[in-house]
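Commentary on secondary and tertiary structure
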Amino acid sequence: MEAYSDFAEVYDELMDDTPYEAWGEFLMEIFRRYGVDDVSKAADRAASDKSVRNDGPENNRKADEVTERAADSGETASEPMDQNLRQERNTVLDLGCGTGVLTEILARRGYDMIGVDNAPEMLRIAMEKRERSGLDILYLLQDMRELELYGTVGAVVSVCDSVNYLLTEEDIVQTFARVNNYLYPHGLFIFDFNTVYKYAVVIGDATIAENREDCSFIWENYYHEEEEINEYDLTVFVAEERNGSVAGGSPAEQTACGERMQGETGQAFCQARLCENVQTQRFRRFQEVHYQRGYRLEQMKALLLQAGLEFLEAVDGDTHGEVTQESERIYVVARKGAGTMANQAVVSDKQI
């Protein structure tokens, strides 16, 4: 049973409380801290302001700070750079972009965006959004373990526990190595992941249900302790008519809520408001099974090292403070490894 197929149609609606805007601001804060925030252009402006305006020590000091930040990231305002390389330096890849919500947020902030996902239906919705917004975003249908780009990027971000869908350490290392390969020198890799603690203790074998006007779901979790894998069985009920249009599925697949919602969960759930209009409103039922593996921070550090990346920092995903034994989600910031940058330099010299 393929994940994120039918679920894609209602994903944004059921995830409408996800703080994407706050995530975007947090990511941009990290970009600025490590110099991915279009520093080449900022340094050029600062140098121009300093030489042309020269209207006081305070402005000169600010210009020096921006230029210094650019130098820390591997560039200086005086270094000529090919326009294509400059564009790559300021391109951000959203790995596991889903329906493109965060991708569009970062694109509106001025970043050149690429979105990669392996779910065709999620990408279809992302591209429909792109058509409406008019934003210049490149979307690619790829498995992150087999990531392939036309050039390098200044940063790669992967949020909303996309990495947890990689169920083996080998998959993690393979993906991280691909990321490292396509990062510009000093480029950043920022990702989050759900911890073993979250799956084993916080979620466990819990069942979550939510009832909405035209879309409801039952989310049943099963934690497999030995493999440290969380299985969640998702059952979604979607109104046949949403905003005047028929939801996906053939007429044969669509039937009344009272007829479909039977079995183990049917009796309890049919007490919900969903069934009040059983005589006049019809719902389509679909199911998906998802698997995610929990990881530990020390484990992630070792896997980053194996892939040639340099670990920089980690923070609690909710508090943005220090990681603790009870952290449920963790943000990790890594950088392209020095060894791979040296290899790229050798290749570049040979080409010259």
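Just above sits the structure.
This section reports on the structure supplied with the text.

Here is what the cut-offs are and how they apply
Residues numbered from 1 in each chain as written. Predicted model: local features only at pLDDT ≥ 70, side-chain atom pairs only at ≥ 80, totals over all residues. Heavy atoms only, no water. Helix = DSSP H or I, 4+ residues; strand = E, 2+ residues; numbered from the N terminus. Buried < 20%, exposed > 50% of the residue type's maximum accessible area, 1.4 Å probe, protein only. Contact = heavy atoms within 4.5 Å. Areas by Shrake-Rupley, 256 points an atom, 1.4 Å probe, with all protein chains shown as cover. Arc of directions from axis to C-beta. Axes fitted to C-alpha atoms, helices over the stretch in contact; angles between N-to-C directions. Parallel < 35°, antiparallel > 145°, perpendicular 65-115°, else oblique. Left-handed = near helix turned anticlockwise from the far one by under 90°. Nonpolar A, V, L, I, M, F, W, Y, C, P; charged D, E, K, R; others polar. Pairing = 2+ DSSP bridges. Salt bridge = Lys/Arg side-chain N within 4 Å of Asp/Glu carboxyl O.

So, on to the overall build of the protein. On a plain count of helices and strands, the protein comes out with 13 helices and 14 strands. The proportion of buried residues among the 352 residues of the protein is 48%. Sequence-distant contacts, at least 24 apart, represent 70% of the contacts inside the protein between residues at least 6 apart. Entry remark: accessible area of the protein is about 17,500 Å², with carbon and sulfur atoms responsible for 47%.

What follows covers helix α6 (residues 101-108). Because an α-helix completes one turn every 3.6 residues, residues spaced three or four positions apart along the sequence face the same direction. Burial runs high along α6: 6 of the 8 residues are buried. Along α6, the residues that are buried comprise Leu-102, Thr-103, Glu-104, Ile-105, Leu-106 and Ala-107. On its buried face, α6 is in contact with α2 (20-34), β1 (91-95), β2 (112-117), α7 (120-133), β3 (137-141) and β4 (153-158). At the exit of α6 stands Gly-110, carrying a positive phi of roughly 105°.

For helix α12 (residues 297-306), every residue scored as buried is listed here: Leu-297, Gln-299, Met-300, Leu-303 and Leu-304. On an axial view of α12, the arc spanned by its buried residues comes to 155°, and they lie on one face. For α12, the exposed residues lying more than 90 degrees away from the buried face are Glu-298, Leu-305 and Gln-306. On its buried face, α12 is in contact with α8 (169-182), β5 (183-194), β12 (282-293), β13 (309-316) and β14 (329-336). Two residues or fewer past α12, Gly-308 is found with a positive phi of approximately 90°.

Another point: the packing of α8 against α12. Remark: α8 packs on α12, axes separated minimally by 8 Å, with the N-to-C direction vectors making an angle of 50°. When the axes of α8 and α12 are compared, the pair comes out oblique. By crossing handedness, the relation of α8 to α12 is classed as right-handed. Across from Glu-169, Ile-172, Val-173 and Phe-176 in α8, the residues of α12 making contact are Gln-299, Met-300, Leu-303, Leu-304 and Gln-306. When grouped by side-chain class, the residues that make up the contact of α8 with α12 number 6 nonpolar, 2 polar and 1 charged.

Pairing in this open sheet of 7 strands is mixed, and the strands run β3-β2-β1-β4-β5-β14-β13 from one edge to the other. The strands lining the two open edges of the sheet, one partner per strand, are β3 and β13. Adjacent strand axes in the sheet meet at a mean angle of 15°, parallel and antiparallel pairs treated alike. As paired elements, β13 and β14 share 7 bridges and run antiparallel to each other. From the neighbouring strand, Leu-309 faces β14, where its bridge partner is Lys-336.

As enumerated under the stated definition, the model contains 20 salt bridges in all. For Glu-121, the salt bridge is made with Arg-124, and the minimal N-O distance between the two is 2.9 Å. Highlighted residues: Glu-121 and Arg-124, both in helix α7, separated by 3 residues, approximately one helical turn. The shortest N-O distance in the salt bridge between Arg-124 and Glu-128 comes to 2.7 Å. Note that Arg-124 and Glu-128 are positioned in helix α7 at a spacing of 4 residues, about one turn of the helix. When its relative accessible area of 34% is taken as the criterion, Glu-128 is described as partly exposed. One salt-bridge network, held together by shared partners, links Glu-9, Glu-121, Arg-124 and Glu-128.

It is worth spelling out the packing of α6 against α7 at this point. Closest axis-to-axis distance for the α6/α7 pair is 10 Å, and the angle between their directions is 30°. Judged on the interaxial angle alone, α7 and α6 are roughly parallel. α7 is crossed by α6, and the crossing has right-handed handedness. On the side of α6, the interface is formed by Val-101, Glu-104 and Arg-108, while α7 contributes Lys-129, Arg-130 and Ser-133. Here the residues of the contact of α6 with α7 sort into 1 nonpolar, 1 polar and 4 charged.

So, on to unusual backbone geometry. Phi is positive for Cys-160, which is not a glycine, with a value near 60°. With a relative accessible area of 18%, Cys-160 lands in the buried category. Unlike most non-glycine residues, Asp-161 shows phi in positive territory, near 50°. Note on Asp-161: relative accessible area 16%, which makes it buried.

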